[in-house]
Amino acid sequence: MVGTNLKAEAMKLMDQRSAIELEMNAIIERLCRPDGPGFSGNLTDSEGFPRADIDIPAVRADRHRLAELRNDHKNITEKMDQYIQVLHSARIAPVPSTAQNAASNVASSNIIATTPATSAMDVDIVASKPFALVDEIAEASPAAEDGLQLGDQVVKFGNVESGDDLLQRLAAESQTNQGRAIPVVVMRQGVPVNLSLTPRVWLGRGLLGCHFRIL
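What you see is a predicted model; the values in this text were computed from it and never measured. (Residues numbered from 1 in each chain as written. Predicted model: local features only at pLDDT ≥ 70, side-chain atom pairs only at ≥ 80, totals over all residues. Heavy atoms only, no water.)

### Points about helix α6 (residues 166–176)
Residues L166, L170, E173 and S174 constitute the buried set of α6. Within α6, the buried residues cover an arc of 95° as seen down the axis, which keeps them to one side. In α6, those exposed residues whose orientation departs by more than 90 degrees from the buried face are Q168, Q175 and T176. Buried positions along α6 lie against β2 (153–157), β3 (182–188) and β5 (210–214). (Buried < 20%, exposed > 50% of the residue type's maximum accessible area, 1.4 Å probe, protein only. Helix = DSSP H or I, 4+ residues; strand = E, 2+ residues; numbered from the N terminus. Arc of directions from axis to C-beta. Contact = heavy atoms within 4.5 Å.)

### Side note on the packing of aromatic side chains
Evaluated as defined, the whole model comprises one aromatic pair. With a centroid separation of 5.8 Å and 70° between ring planes, the pair formed by F157 and F212 is classed as edge-to-face. On the criterion of sequence distance, the pair formed by F157 in strand β2 and F212 in strand β5 is long-range, its members being 55 residues apart. By relative accessible area, F157 is classed as buried at 1%. Its relative accessible area of 10% is what places F212 among the buried residues. (Phe/Tyr/Trp six-rings, centres within 6.5 Å; stacked < 30°, edge-to-face > 60°.)

### Points about the nonpolar core
Counting residues in hydrophobic clusters, the biggest one holds 18 residues, and the most contacted among them are F131, L148, V154, F157, V184, V186 and F212. Elements with a contribution of two residues or more to this core: β1 (132–137), β2, α6, β3 and β4 (191–197). Excluding residues within four positions of it along the chain, V184 makes contact with K156, F157, V193, N194, L195 and L197. (Core = buried A, V, L, I, M, F, W, Y, C linked by side-chain atoms within 4.5 Å.)

### Overview of unusual backbone geometry
Phi angles above zero are rare outside glycine, and A140 is one such case at about 65°. Relative to the helices and strands, A140 is located in the loop between β1 and α5 (142–145). Relative accessible area serves as the criterion here: at 54%, A140 is assigned to the exposed category. Look at D165: it is not a glycine, yet its phi comes out positive at around 50°. Looking at the element boundaries, D165 is found in the loop between β2 and α6.

### Some thoughts on the pairing of β1
Bridging between β1 and β2 involves two bridges; their strand directions are antiparallel. Counterpart to L133 in the pairing with β2 is Q153. Bridge count between β1 and β5: five bridges; the pairing is antiparallel. By the bridge assignment, L133 is partnered in β5 with R213. (Pairing = 2+ DSSP bridges.)

Take a look at the structure:
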């Protein structure tokens, strides 16, 4: 019963996180449109006057809201991690000393461990922990041509998944694999997407033509 309740709560959190990601993506598209201010671009022109080509109050509101959503996304992900750890711990229950109960307990444990619904949920929770956000993509760049999209949240980039010095490791992974396809997993509107990106020389800057922001 406890496991069932935890699964239900985890599924609710997944729905909440998907809704947050949809709102984040909408804000990102507004801020990063062509000639847009981006996440931290100046709101004044070269002479120090407020830019006339953008709605400055709306931009400030979007930036503030995006920061709130990022915090909410992080908190929900951490709570989901706690739930999944409890679910995993519940699976590893001590086997009764009675031989008769031991056999039945092993059988039931195998059933729980291989139940499709439980496995699918666990995989989704574990696999959907993004560490970087794609906040800029140049037109006709390798990243754009290989299917990366603005707002994608990177879960796995070759051998890079999480840890320290992520920007340096992402750059090193691209340089090391220049001309070779890199398997990439991103979360796109709450759904995991598998991509294959090939870092290569093009007319623009870098080997991919995109920018990652660490979450």
